[in-house]
Amino acid sequence: YAAKTGHGGGPVFATGLDDHARTRLTMLEELRAGLDRGELVLHYQPKVTVDASARVTGVEALVRWQHPVRGLVYPDAFLYTAESADLMGRITTVVLDLACRQSRAWHDQGLPVSVAVNLSVSNLRDPGFPEQVGELLRRYDLPPAALELEVTESVLMTDADNALLLLGRLRDLGIRLAVDDYGTGYSSLSYLQVLPVDDLKLDRAFVSRCVVDPRSAAIVHSTVQLAHSLGMQIVAEGVEDDEVFDRLRGYGCDLAQGYGIARPQDAGSTTGWLQQREIAHRATV
Ligand code: C2E
Ligand code: MG
Ligand code: MG
Ligand code: MG
């Protein structure tokens, strides 16, 4: 172990560690402390139907670390390190708890939105995970449809056989499952064929380019058809403008998510956004 305690009492990192290792150790120490202090917060990004009503079908929970000094830290800056230090199990437990608590609050306010939570490799390796999720739904008295779990294609392929088993058990609980960032990993069509998922989330790399690049357009269009013929819904990620939204509509895409519809926002702002949507929707019917 590379750190030793200095005379001032605080930790001093041994010389010889390169900057990267030092940063990693500091971050892990701070992250553990941050978890103890409840510094993880969730932002929520809505998913809407790709039609004229753009009805909200749910929101995705995206974790942020409200660091006392650094401010809001985004997941790409700490999840990789957390995973390598075996902290993802703990982080997912916190995220799931916050997400279910918020879903409960929305249900109680007459906004029955489901919340999607992203999983990591270590969750799919934990045989106790489905039971933990079931227990959480009971604790918050939520129907299984209130929760959706997203797994990226690359996470799935890290341990494909095991993932298949675990997803099967989660689905038996009635929880919706989605493949995230579809099209960027290495899953085969034969794997997709047996994967027990409800939604395919097409990566924004294809979606954002579908109005400027015919090849991306062809990929989006044919992936919509593929998903439908496998009995899955397709969700387009990274929809940033109306032009893309209209194009997706032409392709028969089911749901969309992106900055052009709504950016991820904290729970308070999301509640406001959902209420306005509800009112707008009621006003038109
Ligand atoms: P993701 O699950 O694919 O989530 C979508 C990411 O794209 C989010 O970044 C979101 O803010 C961003 N995004 C949404 N719409 C647009 C758009 O129109 N344009 C662009 N350029 N970006 C858009 P974020 O929040 O930084 O999260 C990054 C990734 O971190 C997520 O990708 C997910 O893989 C992971 N992640 C986030 N929260 C959690 C968590 O609680 N647990 C785990 N295991 N992973 C998480
Ligand atoms: Mg996701
Ligand atoms: Mg994604
Ligand atoms: Mg992603």
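Remember, it's a predicted structure, so these values are computed and weren't measured experimentally.

Okay, the site of ligand 1 next. Taken together, 24 residues are adjacent to ligand 1, and E60, R64, D180, E240 and Y259 come closest. One of the side-chain nitrogen or oxygen atoms of E237 is found 3.2 Å away from an oxygen atom of ligand 1. E240 places a polar side-chain atom, nitrogen or oxygen, 2.5 Å from a nitrogen atom of ligand 1. Here ligand 1, which alone exposes 800 Å², has 86% of that area covered by the protein. Elements supplying a minimum of two residues to the shell around ligand 1: β4 (56-67), α3 (88-108) and β8 (176-182). If you tally residues by element for the shell around ligand 1, the top one is β4, at 4 residues. When grouped by side-chain class, the residues that make up the shell around ligand 1 number 11 nonpolar, 5 polar and 8 charged.

Another point: the environment of R204. Mapped onto the elements, R204 comes out in helix α9 (residues 204-207). As a C-alpha pair, R204 and T184 span 20 residues in sequence and 9.7 Å in three-dimensional space. For R204, the residues in contact, after removing those within four places along its chain, are E237 and G238.

Where a protein is soluble and globular, its nonpolar side chains tend to be buried together. Counting 82 residues, the largest nonpolar core has L124, L147, L149, L156, L170, V239 and L248 as the members making the most contacts within it. It is α3 that provides the largest number of residues to this core, a total of 7 residues.

For the magnesium ion (ligand 3), the protein coordination sphere consists of D180 (OD), D181 (OD), E237 (OE) and E237 (OE), at 2.0 to 2.7 Å. Overall, D181 belongs to the partly exposed group, its relative accessible area being 24%. Using a relative accessible area of 13% as the deciding quantity, one classes E237 as buried.

Moving on, we get to helix α7 (residues 160-172). Taking 1.5 Å of rise per residue, 13 residues should cover 18 Å, and α7 covers 18 Å from first to last C-alpha, within 8% of that figure. Elements in contact with the buried residues of α7: α4 (121-124), α5 (129-139), β7 (147-152), α6 (153-158), β8 and α8 (189-194). Following α7 by one or two positions, G174 has its phi on the positive side, about 95°.

Among the surface-exposed residues, E240, D241, D242, E243 and D246 lie close enough to one another that they form a single negatively charged patch. As for its placement among the helices and strands, D246 is situated in helix α11 (residues 242-251).

Another aspect to go through is the pattern of salt bridges. Tallied over the entire structure, the rule returns 17 salt bridges. Across the pair D199 and R176 runs a salt bridge, and its minimum N-O distance is 2.8 Å. Taken as a pair, D199 in strand β9 (residues 199-202) and R176 in strand β8 lie far apart in primary sequence, 23 residues in all. The class of D199 is buried, set by a relative accessible area of 2%. What makes R176 partly exposed here is its relative accessible area of 30%. For R209, the salt bridge identified is with D213, shortest N-O distance 3.6 Å.

Here is what the cut-offs are and how they apply
- Residues numbered from 1 in each chain as written.
- Chains lettered and ligands numbered in written order.
- Predicted model: local features only at pLDDT ≥ 70, side-chain atom pairs only at ≥ 80, totals over all residues.
- Heavy atoms only, no water.
- Near = heavy atom within 4 Å.
- Polar contact = N/O pair within 3.5 Å; in protein donor to acceptor, adjacent residues only side chain to side chain.
- Areas by Shrake-Rupley, 256 points an atom, 1.4 Å probe, with all protein chains shown as cover.
- Helix = DSSP H or I, 4+ residues; strand = E, 2+ residues; numbered from the N terminus.
- Nonpolar A, V, L, I, M, F, W, Y, C, P; charged D, E, K, R; others polar.
- Contact = heavy atoms within 4.5 Å.
- Core = buried A, V, L, I, M, F, W, Y, C linked by side-chain atoms within 4.5 Å.
- Buried < 20%, exposed > 50% of the residue type's maximum accessible area, 1.4 Å probe, protein only.
- Donors = N, O, S within 2.8 Å, 3.2 Å for Na, K, Ca; no water.
- Expected span 1.5 Å × (residues − 1).
- Patch = residues over 30% accessible without salt bridge, like charges linked within 9 Å, V, L, I, M, F, W, Y side chains within 5 Å.
- Salt bridge = Lys/Arg side-chain N within 4 Å of Asp/Glu carboxyl O.
- Lys, Arg positive; Asp, Glu negative; His and termini not counted.
- Charge placed at Lys NZ, Arg CZ, Asp CG, Glu CD.

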